[in-house]
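A look at the structure
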Amino acid sequence: MEASVLPSAPAPAPAPAAWPATLPPMPVMDFAQFGEVETVALPRNQKLVASFLSRNWAQIPHVTHHDEACADALEAFRRELAAGGVKLSPLPFLIKAAARALAAFPRFNASLSPDGNALVMKRYVHIGVAVETPNGLMVPVIRDCDRKPVVEIAAELADKTARARAKGLPMAEMSGGCFSVSSLGAIGGTAFTPIINAPEVAILGVTRTIERLALADGKVVATLAMPLSLSYDHRVINGADAARFVRFIAEQLADPIDLAR
């Protein structure tokens, strides 16, 4: 589920007027000539989603870096917590790992100025999470993720997710994000290209953890791999730094006990 739902800052400078005029128009079809059809109006929120996604995809040069994190230790720790009555999905751990990565790689915790001549470096760490709702996608923002333990992040995420799906959220709770996480882990997939939630410069996508065979100490063993997909703004971030950023997140997930603090 891709983020980029509602704006949290002024939109980037528009493309030159001549640019869209050079594109051919979208085709207009009378589908009824081929068979029976039904026209269903898009909900207001879905139309907003479409407009912002289109803007972000057209104006930001996206590159997506794919990698995997070993999830053996994370899954073992989650089972241990569940045995003690604490059930946590992998998502709060990913949010906390991303918060640490933003501190280690501050260029990812920035926004490009509208004129493209400067970076606004943020000294706070607020992370948005794409949530599927009956009215389309919403991106509640968890503030100060770097200062909160995983259990607190999980509780806040559960509260905002439930309210987003029931009645929606006010703009104040969907604004000010530094970075976004989009998870398809409960559904499936092996990788995807999440669309950057402007004015952020990167977004992390995650899909379902899968079992792989690996060689360890000369023996073939089963291991759990969590696919990670990082889309980044190539005007701000280069490929090597994107690879290091995702590797850093993977290393954090490999030590979930420390990450949970």
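Once a new chain begins, its residue numbering starts again from 1 and follows that chain's sequence as written. Only residues with pLDDT of at least 70 get local features here, since the model is predicted, and only at 80 or more are side-chain atom pairs given and counted; chain-wide, interface and lining totals rely on the full set of residues. With hydrogens and water set aside, each side-chain value is computed from the structure's full complement of heavy atoms.

1. What about helix α2 (residues 44–59)?
Runs of E in the DSSP output that reach at least two residues are strands. Runs of H or I that reach at least four are helices, and both are numbered from the N terminus. Helix span, as expected, comes to 1.5 Å for every residue beyond the first. With 16 residues, α2 should cover 22 Å at 1.5 Å per step; its first-to-last C-alpha distance of 23 Å lies within 8% of that length. Residues of α2 that are buried: N45, V49, F52, L53, R55 and N56. All buried residues of α2 lie within an arc of 160 degrees about the axis, which places them on one face of the element. Opposite the buried face of α2, at more than 90 degrees from it, the exposed residues are R44 and K47. Only heavy atoms enter the contact rule, under which two residues are in contact if any of them lie within 4.5 Å. As for α2, its buried residues are in contact with β1 (62–70) and β6 (136–138). Relative accessible area decides the class of each residue, using a 1.4 Å probe on protein chains only: under 20% of the type maximum gives buried, over 50% gives exposed, and in between gives partly exposed. Arc definition: it is the arc formed by the directions from the helix axis to the C-beta atoms.

2. Notes on the UniProt feature "domain: 2-oxoacid dehydrogenase acyltransferase catalytic" (unreviewed entry) in the protein
Per the UniProt record, "domain: 2-oxoacid dehydrogenase acyltransferase catalytic" (unreviewed entry) is found at residues 36–259. Helix and strand shares over residues 36–259 are 35% and 26% respectively, and the end C-alpha atoms of the span are 55 Å apart. UniProt positions are given in the numbering used here, feature names are shortened, and annotations may be inferred rather than shown by experiment.

3. Remarks on the packing of helix α4 (residues 90–104) against helix α6 (residues 239–253)
Between two packed helices, what matters for the description is the angle formed by their axes and the separation of those axes. Helix axes are fitted only over the stretch in contact, all axes being lines through C-alpha atoms; the angle between N-to-C directions runs from 0 to 180 degrees. α6 packs onto α4 with a crossing angle of 130 degrees between their chain directions and a minimal axis gap of 9 Å. Taken together, the axis directions place α4 and α6 in an arrangement best described as oblique. Both α4 and α6 take part in a crossing whose hand is right-handed. On α6, the residues that touch F93, L94, A97, A98, R100, A101, L102 and A104 of α4 are F245, F248, I249, Q252 and L253. The residue classification treats Ala, Val, Leu, Ile, Met, Phe, Trp, Tyr, Cys and Pro as nonpolar and Asp, Glu, Lys and Arg as charged. All others, Gly included, are polar. Its residues assigned to classes, the contact of α4 with α6 comprises 11 nonpolar, 1 polar and 1 charged. Any angle that falls under 35 degrees is termed roughly parallel, while one over 145 is termed roughly antiparallel, one within 65 to 115 roughly perpendicular, and all others oblique. Should the near helix be turned counterclockwise from the far one by less than a right angle, the crossing is left-handed, whereas a clockwise turn marks it as right-handed.

4. Points about the environment of A50
Tracing the chain through its elements places A50 in helix α2. Overall, the relative accessible area of 34% leaves A50 in the partly exposed class. On a C-alpha basis, the gap between A50 and D146 in space is 31 Å, while along the polypeptide they are 96 residues apart.

5. Examining the environment of L228
For L228, the location among the structural elements is in strand β11 (residues 219–233). Taking relative accessible area as the criterion, L228 reaches 0% and is therefore assigned buried. Separated by 74 residues in sequence, L228 and A154 have C-alpha atoms that sit 20 Å apart.

6. Focus on the confidence of the model for the protein
Each residue carries a pLDDT value, the predictor's own confidence for that position, ranging from 0 to 100. The predicted model of the protein averages 92 in pLDDT, with 92% of residues at 70 or higher. In this model residues 1–18 is a low-confidence stretch, pLDDT under 50, and it forms 56 contacts with partners more than four residues away in sequence or in other chains.

7. Let's talk about the pairing of β11
As paired strands, β1 and β11 are joined by 9 bridges and run antiparallel to one another. Counterpart to H65 in the pairing with β11 is L230. Sheet topology places strand β9 (residues 202–206) next to β11; 5 bridges connect them, and they run antiparallel. Within β11, the position partnered with A202 by the bridge is Y232. Paired strands are those between which DSSP finds at least two bridges. As paired elements, strand β10 (residues 210–216) and β11 share 7 bridges and run antiparallel to each other. In the sheet register, L213 faces β11, and the bridge partner there is A222. Connecting β10 to the next strand, β11, in antiparallel fashion are 2 residues, including D217 with a positive phi near 55 degrees.

8. Observations concerning the packing of aromatic side chains
Two rings belonging to Phe, Tyr or Trp (six-membered ring only in the last case) form a pair when the distance between their centres is within 6.5 Å. Interplanar angles under 30 degrees mark stacking, angles over 60 mark edge-to-face geometry, and anything in between is tilted. Per the counting criterion, the structure on display carries 6 aromatic pairs. Between F105 and F108, the ring centres sit 6.2 Å apart and the planes meet at 85 degrees, which makes this aromatic pair edge-to-face. Taken together, a centroid distance of 5.8 Å and an interplanar angle of 80 degrees make the contact between F105 and F248 edge-to-face. Of this pair, F105 sits in the loop between α4 and β2 (110–112) while F248 sits in helix α6, and the two are 143 residues apart along the sequence. F105 gets classed as buried once you look at its relative accessible area, which sits at 18%.

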